[in-house]
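# Fold and geometry: a report
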There are 2 protein chains.
Amino acid sequence: MTSSHRIVLLAHGSSDKRWRETFEQLAAPTLQAFAGSRIAYMELASPSLEETIAEGLTENIIEYTVVPLFLAAGRHLRKDVPAMIKGLEQDHGVKIHLAPPIGENPLLGQAIKGAIALQLDQAMNPAP
Amino acid sequence: MTSSHRIVLLAHGSSDKRWRETFEQLAAPTLQAFAGSRIAYMELASPSLEETIAEGLTENIIEYTVVPLFLAAGRHLRKDVPAMIKGLEQDHGVKIHLAPPIGENPLLGQAIKGAIALQLDQAMNPAP
């Protein structure tokens, strides 16, 4: 990816600080791995997707890939987010690619299995 | 884990068949790895958690670990699910352990990074 393209992880958003902290932790490995990538929120938290695009435009970034941090696509991803993206493209003259929700990648199901295996192991062999 | 204990993956639920299919795929590696484990839904889809407990009771399973297939804890996991679990314990004489949401495990953040890396790779090197 060239520096004229930016990855934006899109989470739903919440007014609950602990909820946002969990998403920041989930996003951290990606934000560290991909230079310039960002996390943004659909609602109830900042930065919004629009604020993130506006920030990118100050760096002349006009192409974005939005990766939804959702386990599956419901109404938000089928209707609200595409409509929001269409509006942002028209208002700001940018190109925004909407990726499938992250939960559709098989790596997530494998990670869920791994996380549960670890948890069961810790429950049966607690640290001294 | 003995056969008197059952793991239940708890997803939010949706009336959208495609949403449920994504969660079934997310759950598949875990359901294959842990004998007797199940997926259940909080609302809008079946089986419900209560139906899953009732099924387990027919096999004399009285201890359950509920693992939320949620990326972070919001109102549902802080209030609704604990209240639902308390009611089920009282009504059915079972013991239900509520695990943290799966997204709090660092393996999930790593899987998100891996999924995005694969996606970028495919975008830049499309199959012939």
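In what follows, the structure referred to is the one given above.
Let's shift gears to the sheet that holds strand 2 (residues 38-41) of chain B. Residue and element names in this part refer to chain B. Spatial strand order, 2-1-3-4: 4 strands in an open sheet with parallel pairing. The open sheet has two edge strands, strand 2 and strand 4 (95-98), and neither has a second partner. Direction aside, neighbouring strands of the sheet carry axes that sit 30 degrees apart on average. Helix 2 (residues 49-57) rests against strand 1 (5-11), strand 2, strand 3 (63-68) and strand 4 of the sheet, and its axis sits at about 145 degrees to strand 2. Those strands touched by helix 3 (residues 75-92) are strand 1, strand 3 and strand 4, and its axis lies near 165 degrees from that of strand 4.

Another aspect to go through is the packing of helix 2 (residues 49-57) of chain A against helix 3 (residues 75-92) of chain A. Residues and elements named next belong to chain A. Closest axis-to-axis distance for the helix 2/helix 3 pair is 11 Å, and the angle between their directions is 30 degrees. Looking at the two axes, helix 2 sits roughly parallel to helix 3. The handedness of the crossing between helix 2 and helix 3 is right-handed. Counting all contacts with helix 2, which are made through Leu49, Glu50, Ile53 and Leu57, the residues of helix 3 involved are Met84, Ile85, Leu88 and His92.

What follows deals with the interface of chain B and chain A. Contact residues are listed per partner, giving 43 residues for chain B and 43 residues for chain A. When chain B packs against chain A, the two sides together hide about 3800 Å² of surface, and 77% of this comes from carbon and sulfur. When the buried surface of chain B facing chain A is broken down by residue, Leu26, Leu71 and Ile112 of chain B rank first, second and third, together holding 16% of it. Taken together, chain B and chain A are joined by 2 salt bridges.

Another aspect to go through is helix 4 (residues 106-124) of chain A. Along an α-helix, a turn takes 3.6 residues, which lines up residues three or four apart on a common side. Spanning 19 residues, helix 4 of chain A covers 28 Å between terminal C-alpha atoms, matching the ideal 27 Å at 1.5 Å per step. The elements touched by buried residues of helix 4 of chain A are strand 1, helix 1 (17-33), strand 3 and helix 4 (106-124) of chain B. With a side-chain oxygen lying 2.8 Å from the backbone nitrogen of Leu107 of chain A, the N-terminal cap of helix 4 of chain A falls on Asn105 of chain A.

What counts, and where the lines are drawn
- Residues numbered from 1 in each chain as written.
- Chains lettered and ligands numbered in written order.
- Predicted model: local features only at pLDDT ≥ 70, side-chain atom pairs only at ≥ 80, totals over all residues.
- Heavy atoms only, no water.
- Pairing = 2+ DSSP bridges.
- Helix = DSSP H or I, 4+ residues; strand = E, 2+ residues; numbered from the N terminus.
- Axes fitted to C-alpha atoms, helices over the stretch in contact; angles between N-to-C directions.
- Contact = heavy atoms within 4.5 Å.
- Parallel < 35°, antiparallel > 145°, perpendicular 65-115°, else oblique.
- Left-handed = near helix turned anticlockwise from the far one by under 90°.
- Buried area = accessible area lost by both parts, 1.4 Å probe.
- Salt bridge = Lys/Arg side-chain N within 4 Å of Asp/Glu carboxyl O.
- Expected span 1.5 Å × (residues − 1).
- Polar contact = N/O pair within 3.5 Å; in protein donor to acceptor, adjacent residues only side chain to side chain.

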